[in-house]
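Architecture at a glance
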Amino acid sequence: MAMQSTESKSRLWGTYVAIMIPLGVAINYVGGLLNSALGGPLYLDSIGTAVVAAVMGPWVGAISGLLFNIVSALMGGNMMSALFGICNIGTGLIVGYMTKWGFFEKWWQVLIVANVLVSFWNAATGSPIASVVYGGVDGSAGTSVSIAALQAIGADLVTAGFIARMPINLIDKGIAVLIAWIVYKRLPENIKNFNKKK
Amino acid sequence: MIQKRDTSTLLRRLSPGSKLLLALAGTLAVIFFENIWFSIAVMLISYAVILYEKMGSMFKLIFVSTVSMFVFMYAIYGAVVQENQKDTYIGTYLGIPYYQAGIDKATHFFFRIAPLMAFLFLIFRTINMTDLGVWMTKAGLPYKWAFIFTDSFMVIPVLSKDMEQIMDAQRARGLVTEGNLMTRMKAFVPVIVPVVANAFAKVQDQAIAMDTKGFNSKCKKTVYRELPNTKEDKLCKALSLLLLVAAVAYKVLKSLNKI
């Protein structure tokens, strides 16, 4: 693939953004779809956000994540679930800034630092959002049963939601950031350079 | 990508503006009225139209998640209530005590979400995305924003098809996608990585193609496509506005304790 000049790259920036944001949305959607097709218990719908954030930067990743939740809420008919876009915004910002600052290079940076930060953010914001949208129980078997068990032993709804979501998020977001990292590493330098610290 | 206009049914003939207004009115009506019978009516009418529009197979996944949400919400909320609500005990099922307060909570959430899942699915799956892009541009939204929004809906089926092809190819190479949970989850990475990598491989060519067609040009974009504004559209907009006003008025009066 031919290297692009800095001038051409900067001129094409807007076009790349216009292509990458919908691509991130579609990858998230397809990730979720594939997970359902395989009958997996996870969500796996933030791979696109993480890849786009790594390649195009934190804010483009964040917009892609937010737009995914809006599009998926419209397609799935659950408008209130668009609020989960707040979780995806955080995923985009964390992965995007880590890449920009050179902390998305080694596997341990991805699996330990990025995964823990992204999972913590998603569990911390996802729990109150789920209690607003669904009253806490969102229909996914693992989380719902764990929340019920924690509530039965006295935990309040938001705390139970956080505790139940954290281990699931560690696996779910771990897979998402790891796949984002594998794809990011395989991309040509001229595309990766969009998000390098100037 | 230009999407061909389908005018085979009344719903598909409506313009994006009419459908968006209908979607807004329907959503606010379900949320503000908080009436179980209204919600059930919206849900049943939507299911009937989905079948009439032959969208049953597309809706299958959403229907399954609706059923699973119903089961979990009623099973869990019905059994887990606060201490001061335990006097609403209604009976024991499979050894678990159930309470009316929990059932009411499940009803509140389920009948706010489930009807809209069917209703909005119907509206957005029958919108012509090219028409929606034109409508958004004509409504004053910057062209790039309208492109990003509508393109998001259009890339999904393309990438889904890629995923199916890659999954078939990997199966032909011996990838096992059925069996226990670990086996199924192991199949995820060999399918998703090529899907994402293939999509990114096309990005550079796509950017150059779009640039060649003037995507980045600074001049004002014009569109050739005319949006229809038929009698059906006018009727739909009028009814939607009526519903919207009724829903907002009901909510305001209720919050002022006038109802």
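Given the structure is predicted, the values throughout are model-derived calculations rather than measurements. (Residues numbered from 1 in each chain as written. Chains lettered and ligands numbered in written order. Predicted model: local features only at pLDDT ≥ 70, side-chain atom pairs only at ≥ 80, totals over all residues. Heavy atoms only, no water.)

Looking now at the interface of chain A and chain B. The partner chain B presents 56 residues to the 65 residues of chain A that form the contact. When the two sides are added together, the surface that chain A and chain B hide from each other amounts to roughly 5300 Å², 78% of it contributed by carbon and sulfur. At the boundary of chain A with chain B, the tally comes to 0 salt bridges. There are 6 residue pairs in polar contact (both at pLDDT 80 or more) connecting chain A and chain B. Listing elements by their share of the side of chain A that touches chain B, those giving two or more residues are α1 (6-37), α2 (47-56), α3 (58-76), α5 (107-133), α6 (141-152) and α7 (157-186) of chain A. The residue makeup of the side of chain A that touches chain B, split by class, is 45 nonpolar, 18 polar and 2 charged. (Contact = heavy atoms within 4.5 Å. Buried area = accessible area lost by both parts, 1.4 Å probe. Salt bridge = Lys/Arg side-chain N within 4 Å of Asp/Glu carboxyl O. Polar contact = N/O pair within 3.5 Å; in protein donor to acceptor, adjacent residues only side chain to side chain. Helix = DSSP H or I, 4+ residues; strand = E, 2+ residues; numbered from the N terminus. Nonpolar A, V, L, I, M, F, W, Y, C, P; charged D, E, K, R; others polar.)

With that out of the way, let us pick up the packing of helix α7 (residues 143-172) of chain B against helix α9 (residues 188-201) of chain B. All names here are of chain B. Contact geometry of α7 with α9 gives a least axis separation of 9 Å together with a crossing angle of 135 degrees. What the angle tells us is that α7 and α9 run oblique. Regarding α7 and α9, the two cross each other, and that crossing is right-handed. Contact residues: L159, M163, I166, M167 and Q170 in α7; P190, V191, P194, V195, N198 and A199 in α9. For the contact of α7 with α9, the class distribution of residues is 9 nonpolar, 2 polar and no charged. (Axes fitted to C-alpha atoms, helices over the stretch in contact; angles between N-to-C directions. Parallel < 35°, antiparallel > 145°, perpendicular 65-115°, else oblique. Left-handed = near helix turned anticlockwise from the far one by under 90°.)

Further remarks concern the domain arrangement of chain B. All names here are of chain B. Domain boundaries in chain B define domain 1 (8-127 + 228-259) and domain 2 (129-226). For domain 1 and domain 2, the distance between their C-alpha centres works out to 30 Å. Listed by partner, the interface residues are 6 residues for domain 1 and 5 residues for domain 2. Here domain 1 packs against domain 2, burying approximately 540 Å² in sum over the two surfaces, 79% of which is carbon and sulfur. Scanning the region where domain 1 abuts domain 2 turns up 0 salt bridges. At the boundary of domain 1 with domain 2, the tally comes to 1 residue pair in polar contact (both at pLDDT 80 or more). Element by element, the count of residues in the side of domain 1 that touches domain 2 is highest for helix α2 (residues 16-33), at 3 residues. Among the residues making up the side of domain 1 that touches domain 2, the classes are represented as 5 nonpolar, 1 polar and no charged. (Domains from an automatic or database assignment.)

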